[in-house]
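# Per-entry structural report
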Amino acid sequence: MRIDLHAHSTASDGTDPPEELVRHAADAGLDVVALTDHDTVGGHTRAAAALPDELTLVPGAEISCRHDGRSVHLLAYLFDPDEPAFATERDRIRSDRVRRAREMVDRLRELGVPVTWERVAELADGGTVGRPHVARAMIELGVVDDIPGAFTERWIGHAGRAYVGKYSLDPVHAVELVRGAGGVAVLAHPKASSRGASHADELIEALAGAGLAGVEIDHPDHTDDARAQLRSLARELDLVGTGSSDYHGESKHNRLGQETTGPEVYEALVAAATGAAPVRSGRSRVR
Ligand code: AMP
Ligand code: FE
Ligand code: FE
Ligand code: ZN
């Protein structure tokens, strides 16, 4: 079984529409793919409706959190999308992302970059608005050559001249919200130091105490050293370790199935969830 538990569609900052994402997942030889758009379940229905035979869809989301001034991403799987406490927080994050993108546009304009909110909104196309959409608008204007070129101190990288923060959750609270909605929580790319977001073991320990189920160990941004450290920490804290691509379509080089999760880990996550079940084509809700 080939299982990839982290992928983005146009429902957030990926470039594949949900229908294409599931087709690409099947083409990549995956048996299971999780759709984990930033702060939204917006792509689930479309992905489920277009699900190729033999592919299982795990509905999920990647939740924006912050701890000690650093961005923390929490993967949430198989939660009840209608549970109000968690749904309200996802809505709140998404609306604040609009305010924040507008402010980044204003700052860029003050810096002489003629981006418009209208264009950024068009690029986001109704999905969760993120910095990659602002970056794409900058590429169109020839201000930067590629997305990483915009994620710098010069522009919209963390602490960049046009960077604006967004409403984000305390990660312990986020784990509680996911669990309260019947879902399972896995900490995304905890040691992705290339993005300046390597998390202290103390944070992971606190999240484990709150009911975190696992940590993403095999991730394209993790070095061999980071993976080894995480493997031993996971063992110590009784967390499962996942592997996933964090596919974003054309806006990143990560390929679907580039990293994968073991079947026993997948089964353990499914068994721990009560909010929703994986989806298979033709048959509606199969465990
Ligand atoms: P936001 O959630 O709006 O702050 O944007 C963060 C998103 O931008 C991440 O989920 C990545 O998809 C993307 N991203 C972050 N850093 C980079 C980078 N250096 N190069 C390309 N994409 C990035
Ligand atoms: Fe992203
Ligand atoms: Fe992430
Ligand atoms: Zn992601």
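Up top you'll find the structure we're talking about.
Just so it is clear, the model here is predicted, and its values are computed rather than measured. (Residues numbered from 1 in each chain as written. Chains lettered and ligands numbered in written order. Predicted model: local features only at pLDDT ≥ 70, side-chain atom pairs only at ≥ 80, totals over all residues. Heavy atoms only, no water.)

## Digging into the environment of H158
Basically, it comes down to this: Segments assigned H or I by DSSP are reported as helices when at least four residues long, segments assigned E as strands when at least two residues long, and all are numbered from the N terminus. Partly exposed describes any residue whose relative accessible area lies between the buried limit of under 20% and the exposed limit of over 50%, with all areas from a 1.4 Å probe on protein chains only and scaled to the type maximum. Contacts were defined at the residue level, with two residues in contact if any of their heavy atoms lie within 4.5 Å.
Relative to the helices and strands, H158 resides in the loop between α6 (147–150) and α7 (171–180). In this structure H158 comes out as exposed when scored by relative accessible area, which is 54%. In the structure, H158 is positioned 75 residues away from L233 in sequence and 28 Å away in space, judged by C-alpha atoms. Beyond its immediate chain neighbours, meaning those up to four positions away, H158 contacts G69, R131, E153 and Y163.

## Structural notes on the coordination of the zinc ion (ligand 4)
Defined as follows: Donor selection uses N, O and S atoms within 2.8 Å of the metal (3.2 Å for Na, K and Ca). Since no water is included, sites may look incomplete.
Taken together, the protein ligands of the zinc ion (ligand 4) are H6 (NE2), H8 (NE2), E62 (OE) and D246 (OD), with distances of 2.1 to 2.3 Å. The sequence pattern describing where the donors of the zinc ion (ligand 4) fall on their chain is H-x1-H-x53-E-x183-D. Metal-to-metal, the separation of the zinc ion (ligand 4) and the iron ion (ligand 2) is 4.5 Å. Taken together, the positions of E62 in strand β3 (residues 56–67) and D246 in the loop between β7 (240–243) and α10 (263–272) put the pair 184 residues apart, joining distant regions of the chain. Both residues of the pair, E62 and D246, count as buried.

## Some remarks on the pattern of salt bridges
Here is the rule we go by: We define a salt bridge as a contact between a side-chain nitrogen of Lys or Arg and a carboxyl oxygen of Asp or Glu at a distance within 4 Å.
What the rule picks out here adds up to 13 salt bridges. Salt-bridge contacts for E89 lead to R92; the nearest nitrogen and oxygen are separated by 3.8 Å. You can see E89 and its partner R92 sitting in helix α3 (residues 84–110), three residues apart, about one turn around the helix. Residue E89 is classed as buried on the basis of its relative accessible area, which comes to 13%. A salt bridge links K191 to D201; the nearest nitrogen and oxygen atoms lie 3.0 Å apart.

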